[in-house]
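# Overview (structure and organization)
Chain by chain, the residues:
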Amino acid sequence: MHMRAELPSDGWALTLIGLADLMKIAQRPWWIISSAAAALHGEVTQPPADVDVLIAPEDALPIARQLELQAAPGIPCERFHSEIFIRWEGLPLPVEFMAGFHLHELGLWRPVQPSSRQPVTVAGVTLHIPDRSELIRLLRRFGRDKDLARAQRLEEAGRLPPQGP
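Treat the numbers as computed from the prediction; the structure is a model and nothing was measured.

### Some thoughts on the pattern of salt bridges
- The full count for this structure, using the stated rule, is 10 salt bridges.
- Residue Lys 24 is joined to Asp 21 by a salt bridge in which the shortest nitrogen-to-oxygen separation is 3.4 Å.
- Since its relative accessible area comes to 65%, Lys 24 is described here as exposed.
- A relative accessible area of 48% places Asp 21 in the partly exposed class.
- A salt bridge links Glu 43 to Arg 153; the shortest N-O distance between them is 2.9 Å. Placement of Glu 43 in the loop between helix 2 (34-40) and strand 3 (51-55) and of Arg 153 in helix 5 (residues 145-159) is noted, with a sequence separation of 110 residues between them.
- Its relative accessible area of 6% is what places Glu 43 among the buried residues.
- Bridged by salt links that share partners, the residues Arg 87, Glu 89 and Glu 96 form one connected network.

Right, here's the structure in full:
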C-alpha cells in the first residue's frame, strides 16, 4: 500500500526531499525508522528532532562519499550499535544513517532488519518505512520510554475510525 503523508513543518519537507534525492544512489533497500517513521505514519504528537535511516553496509561508503563525510564505526551504547554510522547535518533536520544496525536484547546483539517496506510520498518524493504494525513492534523492541509511548499512540491511532471529509 502506498501512502501519502503530511508533515509538521517545511523543514521536515526539505529534509525528506533532500534525503530522497540522496537515496537514489542506494543499491539496496533502506528504511526511515523511529520517530520519523512514526511521523510519516501520522503520529506527530512529538515531532522528530532527526531522521534515522537504516541502510545496507554496502551503501554506506557511496553515501558517505556523496556527502563528503566519514563513514565510521558506530560507538555502541547500552541498547544500540551500528557497524557504520554517518551523521549528515546538511539539511534542516540531522539525518543519521545506520548500517549493520543492532539492538541489544536478552544479552545478545540482534540485527534490526525490517521485513516490510512501505512507500510513502511526501512533497512529491517517495521514501520507505516499515508498515505500521512492524514499526510498532520495532519501537517496542527499542524499549525506551519515548519509543514505547510512540508505539502506543500508533497502535491507538490504527484503531480509530477514519475521520470524515
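### Overview of the pairing of strand 4 (residues 80-88)
- The pairing of strand 4 with strand 5 (residues 95-105) spans 8 bridges and is antiparallel. Across the sheet, the residue bridging to Phe 85 is Met 98, located in strand 5.

### With respect to helix 1 (residues 10-22)
- Its 13 residues give helix 1 an end-to-end C-alpha distance of 18 Å, which sits within 8% of 18 Å, the value for a rise of 1.5 Å per residue.
- Looking only at helix 1, the buried set comprises Trp 12, Ala 13, Thr 15, Leu 16, Gly 18, Leu 19, Ala 20 and Leu 22.

### A look at the layout of surface pockets
- There is about 380 Å³ of room inside the largest pocket.
- For the largest pocket, the lining is made up of 21 residues, of which Asp 52, Phe 80, Glu 96, Met 98 and Arg 144 are closest to its centre.
- For the lining of the largest pocket, the secondary-structure elements that each account for two or more residues are helix 2, strand 4, strand 5 and helix 5.

### Some details on the packing of aromatic side chains
- All told, the structure shown has 4 aromatic pairs when counted by the stated rule.
- Measuring from centroid to centroid gives 5.8 Å for Phe 80 and Phe 101, while their planes differ by 15 degrees, and the two rings are stacked. Pair noted here: Phe 80 is in strand 4 and Phe 101 is in strand 5, with a separation of 21 residues, a long-range link.
- Relative to Phe 142, the ring of Phe 80 lies with its centre 5.2 Å away and its plane at 90 degrees, an arrangement referred to as edge-to-face. A residue pair is termed long-range when its members are at least 10 positions apart, and Phe 80 in strand 4 and Phe 142 in helix 4 (residues 132-142) qualify at 62 residues.
- Grouped by ring-pair contacts, the aromatic residues Phe 80, Phe 101 and Phe 142 constitute a single cluster.

Definitions and limits used
The written sequence of each chain sets the order in which its residues are numbered from 1. Since the coordinates come from a predicted model, pLDDT governs what is reported: local features require at least 70, and pairs of side-chain atoms require 80 or more to be given and counted, while whole-chain, interface and lining totals use all residues. Neither water nor hydrogens contribute to the side-chain values; these are computed over all heavy atoms in the structure. When a carboxyl oxygen of Asp or Glu lies within 4 Å of a side-chain nitrogen of Lys or Arg, that pair is called a salt bridge. Relative accessibility thresholds used throughout: buried, under 20% of the residue-type maximum; exposed, over 50%; partly exposed, between the two (1.4 Å probe, protein chains only). Only DSSP runs of H or I with at least four residues qualify as helices, and only runs of E with at least two residues qualify as strands; both kinds are numbered from the N terminus onward. A pair of strands is considered paired only if DSSP assigns at least 2 bridges between the two. A helix's residues, less one, multiplied by 1.5 Å, set its expected span. Using only the protein atoms, space was sampled on a 1 Å grid; points where a 1.4 Å probe fits but cannot get out form cavities, open sets with protein on both sides within 12 Å along at least five of seven lines form pockets, and lining residues are those with an atom within 4 Å of a point. Grid points are joined across faces, edges and corners, and a volume is the space filled by probe spheres set on the points. Pairs were defined over the aromatic rings of Phe, Tyr and Trp, the Trp ring being its six-membered one, requiring ring centres within 6.5 Å. Orientation was assigned from the angle between planes: stacked under 30 degrees, edge-to-face over 60, tilted for the rest.

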